[in-house]
Structure formats: C-alpha cells, structure tokens
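Breakdown of the fold
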Amino acid sequence: MNIADAAHKTVKDYPGGAEALATRLITVNEKGEEKPMSGAVLRNKVNPHNRTHHLTLAEASEIMSLTDNHRMLHALAAEHGYVLRRVEGEGTGSVIGAVLAVSKRQGDLAQAVAISLEDGKITPNESSEIGRLCASIQADAADLAQRAELASAGGQ
C-alpha cells in the first residue's frame, strides 16, 4: 500500500470518518486561536487523487496518534525498503537481562539460518522467520540501549 492510500484508509476507517477525526485535529490561526480542521479539508488532504492539498508530517503523526493506526508509517517505511516493528519495552529491568535477551535471540537466529540452509535453499517461510528474528533482535537491542541509558542516569 502506498502512503497516499494508507492515509486515505486511515481516515476513512476512523469511526465517523473524516468529519469525526477532523474535529480532533486542532490548528492555531494567525490570531492564536485554536480551530479544528474541517472534515472537507481533511478529506481533501487524504484524497489520493487530490494534487493541491496534502497532509503535513505533523498532521500525519497526529492522525496516527489519535487513531492508533500506523498504516502511513509502515507504508512510508516500505516505500523506502524498510520494515518496522514496534518496540514494546519500557526499558525496565537489568542491563544484564537485556544483554542475555539479545544473545538468546542471536542464538535463535543462528539456529534458524542453519536449519534453513540444511537443504541448500531458503524457503519463503524460512525467510519470514529469519526476518522476524532479525526484527526481534533489533527490538531487544533497542530495549538494551534504553536500559543502559536509564542505568547511566542512576535509574538502575
């Protein structure tokens, strides 16, 4: 799915559609007054065929926060050859525990690659599993970094 279609579907799928979501998108005018976006403006901004109105990055981010729908982020990443995975950890726990979690995932990855290569080829399912394990290592490594940051600030 491309970014424009992802934005359109995100707004369309929101309960009440553009009209309901637009009322939660607050802008500040030249006088400093807060004003909600109109449903018509939001519909135009996410219409994939409209060439004159576009979402700003700030608006896209706010929409993702309000809807808890991250389709646009995934579409943007995919368009540039990336895959995203949400990191759920809050950086709580020990640094040693996080190092061990990363090491375990690396072992799981090595084992999956070894098993996949036993017959000399990697199947699509094996490739998916390898990708999943790589993403898990990235998430665990981010958690480790977060724990280390907290520890350096005296948090642990």
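To start, this report covers the structure provided alongside it.

Calculation rules
Residues numbered from 1 in each chain as written. Predicted model: local features only at pLDDT ≥ 70, side-chain atom pairs only at ≥ 80, totals over all residues. Heavy atoms only, no water. Salt bridge = Lys/Arg side-chain N within 4 Å of Asp/Glu carboxyl O. Helix = DSSP H or I, 4+ residues; strand = E, 2+ residues; numbered from the N terminus. Buried < 20%, exposed > 50% of the residue type's maximum accessible area, 1.4 Å probe, protein only. Contact = heavy atoms within 4.5 Å. Polar contact = N/O pair within 3.5 Å; in protein donor to acceptor, adjacent residues only side chain to side chain. 1 Å grid on protein atoms, 1.4 Å probe; cavity = no way out; pocket = protein on both sides within 12 Å on 5 of 7 lines; lining within 4 Å. Points joined across faces, edges and corners; volume = space filled by probe spheres on them. Nonpolar A, V, L, I, M, F, W, Y, C, P; charged D, E, K, R; others polar.

Here we take up the pattern of salt bridges. Summed over the entire model, instances satisfying the criterion amount to eight salt bridges. One salt bridge connects Asp108 with Lys104, and the closest N-O pair in it is separated by 2.8 Å. Placement of the pair is Asp108 and Lys104 together in helix 6 (residues 95-116), with a separation of four residues, close to one helical turn. Classification of Lys104 as exposed rests on a relative accessible area of 53%. A network of salt bridges, in which partner residues are shared, links Lys9, Asp13 and Arg71.

What follows covers the environment of His54. By the secondary structure assignment, His54 is in the loop between helix 3 (39-46) and helix 4 (57-67). Residues His54 and Ile137 lie 83 residues apart in sequence; the distance between their C-alpha atoms is 36 Å. Discounting chain neighbours no more than four positions away, the residues touching His54 are Lys45 and Glu59. Here the side chain of His54 touches Arg51 through a polar contact of 3.2 Å, landing on its backbone oxygen.

A volume near 360 Å³ is recorded for the largest pocket. Lining the largest pocket we find 20 residues, and of these Ile3, Ala7, Leu55, Ala60 and Met72 sit closest to its centre. The set of elements that each furnish at least two residues to the lining of the largest pocket consists of helix 1 (3-13), helix 3, helix 4 and helix 5 (71-79). Ranked by residue count, the leading element in the lining of the largest pocket is helix 4, at four residues. Counted by class, the lining of the largest pocket contains twelve nonpolar, six polar and two charged residues.

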